[in-house]
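Chain by chain, the residues:
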Amino acid sequence: MVKTEKDQGFMPVRSNEDSEKVPDVIEESDHRGNWSRKLDFFLSCLSYAVGLGNVWRFPYVCYKNGGGAFLIPFAVMLFITGIPMVFLELSFGQFASSGVVSIWSVSPFFQGVGWAMFIVSCLIAIYYNMIIAWTLYYLFASFQERLPWSYCGDWSSENCLADHAVMYNCTFHNGVWLNETCYHSGQVNESYFNYIQGLANSTNVQYTSSSDEYFHKVVLDITKGIESIGGVKWELALCLLLAWTLVCICLAKGIKSSGKAVYFTAFFPYLVLTILLVRGLTLPGSKEGILYYLIPKWDQLLNAKVWKDAAVQIFFSLSPCWGGLITLASYNKFKNNCLFDAVLVSILDSLTSVFAGLVIFSIIGYMAHELHQSVENVARDGPGLAFIVYPEVVTKLPVSQLWSVLFFLMLITLGLGTQIATVTTVHTTILDTFTEFFRPGKRSFILLLSIAVVGYLIGLSFCTQGGMYVVQLFDNYAATYSLLFIGLIECLALSYAYGANTFLDNIELMLGRRPSMLWKISWSFLTPAALLTILIFTAVDFDPTSYGDYVFPTWAEVVGCFITILSISAIPLVALCKVVQGLIRLPNIGLLEVIKMMMKPTNEWGPRLKEHRELMKVSPDTYESQRCMMLNDFSSERS
C-alpha cells in the first residue's frame, strides 16, 4: 500500500502472504485477555451508553425543545457527533488493545488526553455511585407493607400533603382548600365562605407532597445549602458501601465477570420499561401525556438552543471521552467489526431514549390527569423525576410495592451498567500504566478493592446532609465542559497529528476493507466544528448551579470550575512535560522539532500481539529520533 501521509507511523501491508501470517485463532492476549463472546462486548457498550440520562433527562429535554420536532436535530447530531465519536474511540481502543493513557503512544504530545479521560472517569465513578446508593435506599423501602412516602409521617412538616389530587380536585370544582379541608359555597353560608376564601388567599400556603418531603427530610435530611454540609447519614453510607460492593462483585474476575453481568444490566431495563409502558397505557391521561411528548412544535427548529440541546444530549448520552469506549474496545479481538458495533450501539441508545420517553410521559400524563394539571406543570427531570414524581405515582397504583420495586431495580441496573464500565476504565488504565507491578497474582483484584475503598471514602461526603449539593456540583462540572474539550483535542490529534488517512489504514487492517472517506471528513472537520460550537454555546448559556430555589454561592462555582480544570489541565501539562524532557535529552534540537517528534508515534504504537504487528511496517525516519530519546515518563509507553 502506498503511504498517504509522510511520517505518520505504521502502515498496513496488504498482501495475501501477510494475511496468512495471522490466523484468526490467534487472538487472545495473554496479559489482558479478551471478551469471551462478541455479544459480551456489544452488551457492555450498550449498557455503558444507556444510562440514567436516557430515562430521566432525554424525555424532559425532548418535550421542552419541540416534542417530536426535536427528533430531527437529535438524529442529525447523532450522525454528526455521536456515531463518528463512538466509531473513533472503539476502533482506536481495539487497534492498540491499550488503556486510555498507554494508547497515546500514538502521539505522546497528546498523552494528556488519556490522563484527562482517566480523571473524568475517576470523578464520575465517585459521584455516580451515590445515585445508585439513593436508588438502593428506595428499593429497600419499597418492600415495606405501606410505602413510607405515601403518607405524611412524624418526619413531615405542617405543609405536607399526602394526596395532592384531593386538593386539586377541590379547587378544580370551585372549592377552597384550607387546613386540609375542602369548602364549597353550598356547604356553608356565603359570608363564611368568603371569609374562608380570603383567609386561604392571605395565608398562601405552599403545600409539598409527602414523596417530596420523604426524599428531602428522611432520605437526605437535607440542609439549607452547601455551606452547611451536616453529618453523615449512616443509612446512605451503608447503601453506598453496598453499591461499591456490587461493582466489585461484577468486576471480580476482570473483563470475564463484567461480561456476564451485562447480560442482566443490559436486558433487564428493557424488560421493565416494556412492562411499565404497558401498565402506563392502561392509565387515564396517559394518551395526553404521550401526545404532549411527541406532537411536533416545528417553530422550535429555528431556535439555535434546540440544536445545541440535541447535540449535548447525543454527546453525553453515548458517553464518549470518558475513556470507557476505548477501554471496552481494548479487550476486543483484533478483527472485530467495530464499525458495525459503533453504529448499532449509537442507534439503539438513541431509540432507547425515545422509548423511555413514551414510558415516562404515559406516567406523567396519568399524574397530570389525577391532579387536574397540565403535563407541563407535572413534568420534571433528574432526581426530581426518579425520587419524587414517580414514587408519588406508584402510590396511586394497585400493588404499588411491585411497581416501585420494578422501577428502582431498573434504575439500579441502568446505573450499574455505566458504573461498571467507568470503574473498568480507571482499573485498566492503572493496570496498563504499571503493568509489571499489578499483573502478577491477585494484585489486579487488590487494585480493584483499593479503587473501591478510595471511592467509598471520598463518597462519604455525598452521604452527608448536604450531600445532594455536592452531587449537583460534581454533576454540573465533572463531565460537561471538560468532555467537550477532550473530545475536540482527541479528534484533532488523531486527524492531524497522527493523520486521518493513516488511522483509516489501521482500521482497514482490522476490518479487511477501507471505511468510507466520510469518516475522515467527519473526524477532521464536521465533528470538531460541532464540538467547538457546542462548547461555545454551553459556555455562553451558562447558568449558575442551583437545586430547587437554592442558588449555589460564588465560592461553590469556583470549586466547580476547579473540578473541570482538574481534568483538562492534564492536556497542556503533560504536553509541556514531554517537550521539556525532549529539550533536556536533545538540547541541540530546536523547540519546534521536539514538538514535531512528540506528535509522532513511538515504537510502542501498534497492535498488542506480535502476529498483528507483523502486518505493520515501520517508517525508519519516523522513529530514529524516538529511539534516541527513549522517553519512559508516565510509564505509559510500555506495552
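Residues numbered from 1 in each chain as written. Predicted model: local features only at pLDDT ≥ 70, side-chain atom pairs only at ≥ 80, totals over all residues. Heavy atoms only, no water.

Q: Can you walk me through unusual backbone geometry in this structure?
A: In this structure, Ser319 takes a positive phi of about 60° despite not being glycine. Relative to the assigned elements, Ser319 resides in the loop between helix H13 (304-318) and helix H14 (324-329). Taking relative accessible area as the criterion, Ser319 reaches 4% and is therefore assigned buried. (Helix = DSSP H or I, 4+ residues; strand = E, 2+ residues; numbered from the N terminus. Buried < 20%, exposed > 50% of the residue type's maximum accessible area, 1.4 Å probe, protein only.)

Q: Is there a simple way to think about the packing of helix H6 (residues 111-141) against helix H9 (residues 210-219) in this case?
A: Relative orientation and spacing of two packed helices are given, respectively, by the angle between their axes and the distance between those axes. In contact at an axis separation of 13 Å, H6 and H9 are set at 115° when each is read in the N-to-C sense. Considered as vectors, H6 and H9 are oriented roughly perpendicular to each other. Viewed along their axes, H6 and H9 form a crossing whose handedness is right-handed. Facing Tyr137, Tyr138 and Ala141 of H6, the residues of H9 in contact are Ser211, Tyr214, Phe215, Val218 and Val219. Considered class by class, the residues forming the contact of H6 with H9 number seven nonpolar, one polar and no charged. (Axes fitted to C-alpha atoms, helices over the stretch in contact; angles between N-to-C directions. Parallel < 35°, antiparallel > 145°, perpendicular 65-115°, else oblique. Left-handed = near helix turned anticlockwise from the far one by under 90°. Contact = heavy atoms within 4.5 Å. Nonpolar A, V, L, I, M, F, W, Y, C, P; charged D, E, K, R; others polar.)

Q: Where do I start with the pattern of salt bridges in this structure?
A: In a structure, side chains of opposite charge can pair up when their charged atoms sit close to one another. Overall, the coordinates contain eight salt bridges when judged by the stated rule. Its salt-bridge partner being Lys260, residue Asp40 comes within 3.8 Å of it at the nearest N-O pair. Here Asp40 is found in helix H2 (residues 38-49), whereas its partner Lys260 is found in helix H11 (residues 255-281), with 220 residues between them in sequence. Looking at Lys260, the relative accessible area reads 40%, which means it is partly exposed. Arg514 is the salt-bridge partner of Glu508, the closest N and O atoms lying 3.3 Å from each other. Classification of Glu508 by relative accessible area gives buried; the value is 9%. Here Arg514 falls in the partly exposed class, since its relative accessible area comes to 33%. Shared partners join several salt bridges into a network, and the residues in it are Lys305, Lys308 and Asp309. (Salt bridge = Lys/Arg side-chain N within 4 Å of Asp/Glu carboxyl O.)

Q: For this particular structure, what's the right way to read the UniProt feature "binding site: Na(+) 2" (unreviewed entry) in the protein?
A: In this numbering, the UniProt entry assigns the feature "binding site: Na(+) 2" (unreviewed entry) to Ala49. Note that Ala49 resides in helix H2. Ala49 sits in the buried class, given a relative accessible area of 3%. Discounting chain neighbours no more than four positions away, the residues touching Ala49 are Asn54, Ser317, Leu318, Val345 and Asp349. (UniProt positions renumbered as here; feature names shortened; annotations may be inferred.)

Q: Would you take a moment to explain the nonpolar core for this structure?
A: With 201 residues, the main nonpolar core has Leu90, Phe92, Trp104, Met130, Trp134 and Phe215 as its most contacted residues. Looking at this core, the element that brings in the most residues is H6, giving 23 residues. Discounting chain neighbours no more than four positions away, the residues touching Leu90 are Phe41, Cys45, Leu325, Ala329, Cys338, Asp341 and Ala342. (Core = buried A, V, L, I, M, F, W, Y, C linked by side-chain atoms within 4.5 Å.)

Q: Teacher, can you tell me more about the state of the cysteines here?
A: Disulfide: a covalent bond formed between the sulfur atoms of two cysteine residues. By the definition in use, this model includes one disulfide. Paired through a disulfide, Cys152 and Cys160 show a sulfur-sulfur distance of 2.0 Å. The chirality of the disulfide connecting Cys152 with Cys160 is left-handed, given an S-S dihedral of about -85°. Its relative accessible area of 29% is what places Cys152 among the partly exposed residues. Exposure remark for Cys160: the relative accessible area of 4% places this residue in the buried category. (Disulfide = S-S within 2.5 Å.)

Q: How should I be thinking about the packing of helix H21 (residues 467-477) against helix H24 (residues 554-568) in this particular structure?
A: Contact geometry for H21 and H24: axes closest at 9 Å, N-to-C directions at 45°. Taken together, the axes of H21 and H24 lie oblique to each other. When you trace H21 past H24, the crossing you get is right-handed. Only Ala556, Glu557, Val559, Gly560, Cys561, Ile563 and Thr564 of H24 make contact with H21, whose side of the interface consists of Leu473, Phe474 and Tyr477. Residue composition of the contact of H21 with H24, grouped by class: seven nonpolar, two polar and one charged.

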